Amino acid sequence: MLNNILLQASADPMGGMSSIIMIVALIAIFYFFMIRPQSQKQKKINEFRNNLKKGDKVMTAGGIYGRIKEIKESTMLLEIADGVKIEIDKNSIYESMKDVAETGADAANR
C-alpha cells in the first residue's frame, strides 16, 4: 500500500510545483478579497477624519450625535446639546450626519 502511494506521488510531472502554485493562488485570492478591500476602507475612513472641520455634524463610535466645536491635534470638542460639550478622540468619529441620512437612519431630527 505504501509503495502504491509513493508511486502515485512520484507520477506528478510538475513535482512540487503544482502545490506551490496552489499556495500562491490561495494567497493572491486572500489578498484581493480580504486584505486589499479592508485597507482601502481604512484609507477612506482616515481621509474622512482628516477632512473634518469645525461645524460638521458627526456621530461617534458610541452613537453620540453632535457638532464639532474645536479640533485639536488628537482630540475634538463635540457639542452634543446646547451648552453641553465633550472632548473625544478623533479616532472615535464614525461618520457624518450626511452619511447617516444616506443609510436610512433618521438623523435629521437629532
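Residues numbered from 1 in each chain as written. Predicted model: local features only at pLDDT ≥ 70, side-chain atom pairs only at ≥ 80, totals over all residues. Heavy atoms only, no water.

Chemist: So, the pattern of salt bridges: which residues are in play, and what are the values?
Modeler: Inspection of the entire model under this criterion finds 3 salt bridges. As a salt-bridge pair, Asp56 and Lys53 come within 3.5 Å of each other at their nearest N and O atoms. Across the pair Glu87 and Lys72 runs a salt bridge whose closest N-O atoms are separated by 3.5 Å. Pair noted here: Glu87 is in strand E4 (residues 84-89) and Lys72 is in the loop between strand E2 (65-71) and strand E3 (75-81), with a separation of 15 residues, a long-range link. Looking at Glu87, the relative accessible area reads 49%, which means it is partly exposed. (Salt bridge = Lys/Arg side-chain N within 4 Å of Asp/Glu carboxyl O. Helix = DSSP H or I, 4+ residues; strand = E, 2+ residues; numbered from the N terminus. Buried < 20%, exposed > 50% of the residue type's maximum accessible area, 1.4 Å probe, protein only.)

Chemist: Go over the pairing of E4, please, and point to the residues and values.
Modeler: In terms of strand pairing, E3 meets E4 through 6 bridges, oriented antiparallel. Considered in E4, the bridge of Leu77 is made with Glu87. Connecting the antiparallel pair E3 and E4 is a turn made up of 2 residues, with Gly83 showing a positive phi of about 80°. (Pairing = 2+ DSSP bridges.)

Chemist: Report on a nonpolar patch on the surface, specifying residues and quantitative values.
Modeler: A cluster of nonpolar residues, Leu26, Ile29, Phe30, Tyr31, Phe32, Phe33, Met34 and Ile35, forms a patch on the protein surface that exposes about 870 Å² of accessible area. As for its position among the elements, Leu26 is in helix H2 (residues 17-50). (Patch = residues over 30% accessible without salt bridge, like charges linked within 9 Å, V, L, I, M, F, W, Y side chains within 5 Å. Areas by Shrake-Rupley, 256 points an atom, 1.4 Å probe, with all protein chains shown as cover.)

Chemist: Break down the confidence of the model for the chain for me, with residues and values.
Modeler: Where the model shows low pLDDT, its predicted coordinates should not be examined in detail. Across the chain, pLDDT averages 80, with 71% of residues at or above 70. The low-confidence segment residues 104-110 (pLDDT under 50) makes 6 contacts with residues lying over four places distant or belonging to another chain. (pLDDT = per-residue confidence, 0-100. Contact = heavy atoms within 4.5 Å.)

Chemist: Describe the environment of Arg49, and please don't skip the residues or the numbers.
Modeler: Relative to the assigned elements, Arg49 resides in helix H2. Judged by relative accessible area, which is 15%, Arg49 ranks as buried. Taking the C-alpha atoms as reference, Arg49 lies 7.2 Å from Ile93; in sequence the two are 44 residues apart. In this structure, Arg49 is in contact with Lys90, Asn91 and Ile93, ignoring residues within four places of it in sequence. A polar atom in the side chain of Arg49 sits 2.9 Å from the backbone oxygen of Asn91. (Polar contact = N/O pair within 3.5 Å; in protein donor to acceptor, adjacent residues only side chain to side chain.)

Chemist: Give a detailed account of H2, specifying residues and quantitative values.
Modeler: Look at H2: 47 Å from first C-alpha to last across 34 residues, which is about the 50 Å you get at 1.5 Å a residue. Along H2, the sharpest change in direction is near 40° and occurs at Tyr31. (Expected span 1.5 Å × (residues − 1). Bend = angle between axes of the 7 residues up to and from the residue.)

Chemist: An account of the side chain of Thr60 is requested, with residue identities and associated values reported.
Modeler: Mapping Thr60 onto the fold places it in strand E1 (residues 57-60). Overall, Thr60 belongs to the buried group, its relative accessible area being 5%. Apart from residues lying up to four places away in sequence, Thr60 is in contact with Leu78, Ile88, Ser92, Ile93 and Tyr94.

Chemist: Tell me about the pairing of E2, residues and numbers included.
Modeler: Across 3 bridges, E1 lies against E2 in antiparallel orientation. Paired with Met59 across the bridge in E2 is Tyr65. Connecting E1 to the antiparallel partner E2 that follows it, the hairpin turn spans 4 residues, and Gly63 within it adopts a positive phi of roughly 90°. Pairing of E2 with E3, which is carried by 4 bridges, proceeds in the antiparallel orientation. Residue pairing across strands places Ile71 opposite Met76, the latter belonging to E3. Here E2 folds back onto E3 in antiparallel fashion, the turn holding 3 residues.

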